[in-house]
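Topology and contacts: notes
Single-letter residue listing:
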Amino acid sequence: MTLIHKTQICIIGAGPSGLLLAQLLSNAGIDTIVLDRKDRAYIEGRVRAGVLEQGTVKALEEAGVAERVHAEGLPHDGFELAFDGVRHRIDLAGLTGSSVMVYGQTEVTKDLFDARTAAGQQFFFNVEHVVPSDLKSGEPSVQFELDGVQHVIKCDYIAGCDGFHGVSRKAIPQDVLKTFERVYPFGWLGILVDKPPVSHELIYANHEDGFALASMRSETRSRYYIQCDVNDDLSQWSDDRFWEAFAKRLGPDTAANLQIGASFEKSIAPLRSFVAEPMGYGALFLAGDAAHIVPPTGAKGLNLAVADVRLLARALMSHYDGNDHHIDSYSQTVLNRVWKVERFSWQLSMLMHQFPDNAPFDKRMQRAEFDYIASSEAASKAIAENYVGLPLE
Ligand code: FAS
Ligand code: PHB
């Protein structure tokens with residue numbers, strides 16, 4: 001037996017991309033179904049991004065889910081870059097008139113799940129064997145299995161919001177799809193600890209031992225990262241070893257304010273830059289990590305996904321208003337911005353990390369670039385305008 005469902009937009013993936021798209025479209029009266037191979041608890045349990053651009057906050061406002069981010073988020077007017085203990089503040093507010101909001105991706109996901117659940121909108125969790133089909137036939141559909149039962153969703157369009165390891169990107173024919181990738185020779189080891197942050201603003205530090213990032217989730221919960229070997233596993237990183245490395249990379253003056261404690265979350269993430277082109281094929285449109293990955297150095301992954309979704313929601317809404325201009329230009333429009341954000345994330349990653357194969361000259365170039373940024377308002381402004389978020393188009 002196969003169960004048939006009908007909707008206007010089938011959204012594969014209930015991460016931030018899929019959930020935000022569903023919310024924006026549902027608010028516009030467009031019918032959606034959201035599928036995910038995991039369930040809500042698993043998705044909410046993934047600790048990821050922590051910094052929201054104003055454009056992301058605006059999108060949450062447009063989706064009607066911004067109450068908590070305004071009540072609990074921490075507005076930040078600046079952040080610091082540090083090299084071997086020398087710190088330079090990037091004055092976001094002074095240089096751009098804008099700022100960022102510190103608010104965890106976990107919370108964004110919770111807010112979006114709550115809104116869709118409250119509206120009684122349809123999810124299918126724990127789905128298997130998801131197959132987007134008939135992308136160019138005029139009658140697209142998505143097949144999947146749930147608890148041994150076959151389902152088919154007949155729809156107008158399919159939104160591939162299923163992340164880097166999803167199936168949507170792979171539904172684009174190999175002779176059409178182009179991919180671009182750089183894999184970095186290190187990872188990030190991150191912890192969460194219920195201790196006040198070492199500084200009231202984020203600090204990105206480059207030290208001869210490696211990169212470190214001091215971030216936070218609230219005034220009592222800190223999120224810290226250090227660069228680690230790409231082959232490391234968590235068993236090699238006790239809290240004591242983490243704290244010793246983290247304090248050394250921050251430098252003694254900064255580390256003097258560090259309050260250490262037992263971590264309650266610890267994970268290692270690989271770093272890569274990745275883009276797939278095109279981000280549309282027939283009735284399938286990609287958004288978020290399904291189409292691109294950035295190293296987290298620029299705090300762009302989640303924010304780039306949200307920007308894709310804002311453009312895709314606009315395109316789909318316009319379609320139902322009788323105008324296909326934005327649908328036809330979606331891939332080109334969104335990729336223009338994706339590549340600029342890829343550039344910034346790559347630039348900051350190249351500046352702030354220790355590369356195993358870097359020659360002494362390369363290390364001097366990193367320090368010279370830091371010294372130039374610290375001494376040039378123009379160079380600091382270039383960093384600032386990317387960090388607060390580029391215009392949507
Ligand atoms: P997601 O990967 O979040 O969601 C995709 C969803 O699709 C998942 O729920 C998955 O279960 C589902 N799915 C996959 N395959 C499926 C299938 N076949 N069928 C149905 N569903 C399927 N960004 C930052 O800005 N700052 C950070 O510090 C940061 N840290 C990160 C750390 C890690 C370990 C990772 C992996 C990413 C990090 N990111 C960070 C980037 C991250 O925040 C992403 O940009 C963000 O989750 C993108 O959201 P989505 O596009 O929704 O993809
Ligand atoms: C985080 O708080 O998780 C975070 C902040 C800034 C980044 C990356 C991660 O660039």
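Use the structure listed above.
Residues numbered from 1 in each chain as written. Chains lettered and ligands numbered in written order. Predicted model: local features only at pLDDT ≥ 70, side-chain atom pairs only at ≥ 80, totals over all residues. Heavy atoms only, no water.

**With respect to the site of ligand 2**
For ligand 2, the set of nearby residues contains 14 residues, the closest of which are Tyr204, Ser215, Arg217, Tyr225 and Pro296. Take threonine 297: an N or O atom from its main chain is 3.4 Å from an oxygen atom of ligand 2. Backbone polar atom of alanine 299 to an oxygen atom of ligand 2: 3.2 Å apart, as the coordinates give it. Out of a free accessible area of 280 Å², ligand 2 has 97% covered by protein chains. Where the shell around ligand 2 is concerned, the elements lending two or more residues are strand 16 (210-216) and strand 17 (222-228). Taken together, the residues that form the shell around ligand 2 break down as 8 nonpolar, 3 polar and 3 charged. (Near = heavy atom within 4 Å. Polar contact = N/O pair within 3.5 Å; in protein donor to acceptor, adjacent residues only side chain to side chain. Areas by Shrake-Rupley, 256 points an atom, 1.4 Å probe, with all protein chains shown as cover. Helix = DSSP H or I, 4+ residues; strand = E, 2+ residues; numbered from the N terminus. Nonpolar A, V, L, I, M, F, W, Y, C, P; charged D, E, K, R; others polar.)

**A look at the sheet that holds strand 1 (residues 2-6)**
Taken in spatial order, the 4 strands line up as 1-12-11-10 in an open sheet, and their pairing is mixed. This sheet does not close on itself; its edge strands, each paired only once, are strand 1 and strand 10 (128-133). Across the sheet, the mean angle from the axis of one strand to that of its neighbour is 20°, orientation sign disregarded. As judged from the 4 bridges shared by strand 10 and strand 11 (residues 141-146), these two strands associate in the antiparallel manner. By the bridge assignment, glutamate 128 is partnered in strand 11 with glutamate 145. (Pairing = 2+ DSSP bridges. Axes fitted to C-alpha atoms, helices over the stretch in contact; angles between N-to-C directions.)

**Description of the nonpolar core**
Nonpolar side chains in soluble globular proteins tend to end up buried together. Ranked by size, the top nonpolar core spans 76 residues in total, and within it Leu20, Leu21, Leu35 and Leu52 carry the most contacts. Per-element tally for this core: the top contributor is helix 9 (residues 301-320), with 9 residues. Discounting residues that sit within four places of it in the chain, leucine 35 has contacts with Cys10, Ile11, Ile12, Gly13, Ala14, Phe124, Val127, Val130, Val142, Phe144 and Ile153. With 33 residues, the next largest nonpolar core counts Leu95, Met352, Ala379 and Ala384 among its residues. (Core = buried A, V, L, I, M, F, W, Y, C linked by side-chain atoms within 4.5 Å. Buried < 20%, exposed > 50% of the residue type's maximum accessible area, 1.4 Å probe, protein only. Contact = heavy atoms within 4.5 Å.)

**So, helix 3 (residues 54-62)**
Burial in helix 3 covers these residues: Thr56, Val57, Ala59 and Leu60. Buried residues along helix 3 cover an arc of 155° about the axis, so they all sit on one side. Where helix 3 is buried, its residues touch helix 1 (16-27), strand 4 (51-53), helix 4 (67-72), strand 8 (100-102), helix 6 (105-118) and helix 9. One or two positions beyond helix 3, positive phi appears at glycine 64, with a value near 75°. (Arc of directions from axis to C-beta.)

**Regarding unusual backbone geometry**
For the peptide bond that leads from glutamate 277 to proline 278, omega is -10°, which places it in the cis range. Tracing the sequence through the fold places proline 278 in the loop between strand 18 (263-277) and strand 19 (280-281). With a phi angle near 50°, histidine 129 is a residue other than glycine that sits in the positive phi range. Among the residues examined, histidine 129 registers a relative accessible area of 55% and is labelled exposed. Positive phi is not limited to glycine here, since aspartate 134 has a value of about 50°. Assessed through its relative accessible area of 45%, aspartate 134 is described here as partly exposed.

**Notes on the side chain of threonine 333**
In this fold, threonine 333 is placed in helix 10 (residues 325-352). Threonine 333 gets classed as buried once you look at its relative accessible area, which sits at 18%.

**A closer look at the site of ligand 1**
Lining the immediate environment of ligand 1, one finds 28 residues, of which Ser17, Asp36, Arg48, Gln105 and Asp289 sit closest. Between aspartate 289 and ligand 1, the recorded distance is 3.0 Å, taken from a side-chain N or O atom to an oxygen atom. The set of elements that each furnish at least two residues to the shell around ligand 1 consists of helix 1 and helix 9. Counted by class, the shell around ligand 1 contains 12 nonpolar, 8 polar and 8 charged residues.

**Notes on the sheet that holds strand 3 (residues 32-35)**
What the 6 strands build is an open sheet, ordered 9-3-2-13-20-19; its pairing is mixed. Pairing within the sheet leaves two strands with one partner each, and these edge strands are strand 9 (123-124) and strand 19. As paired elements, strand 3 and strand 9 share 2 bridges and run parallel to each other. Bridge pairing links valine 34 to phenylalanine 123 in strand 9.

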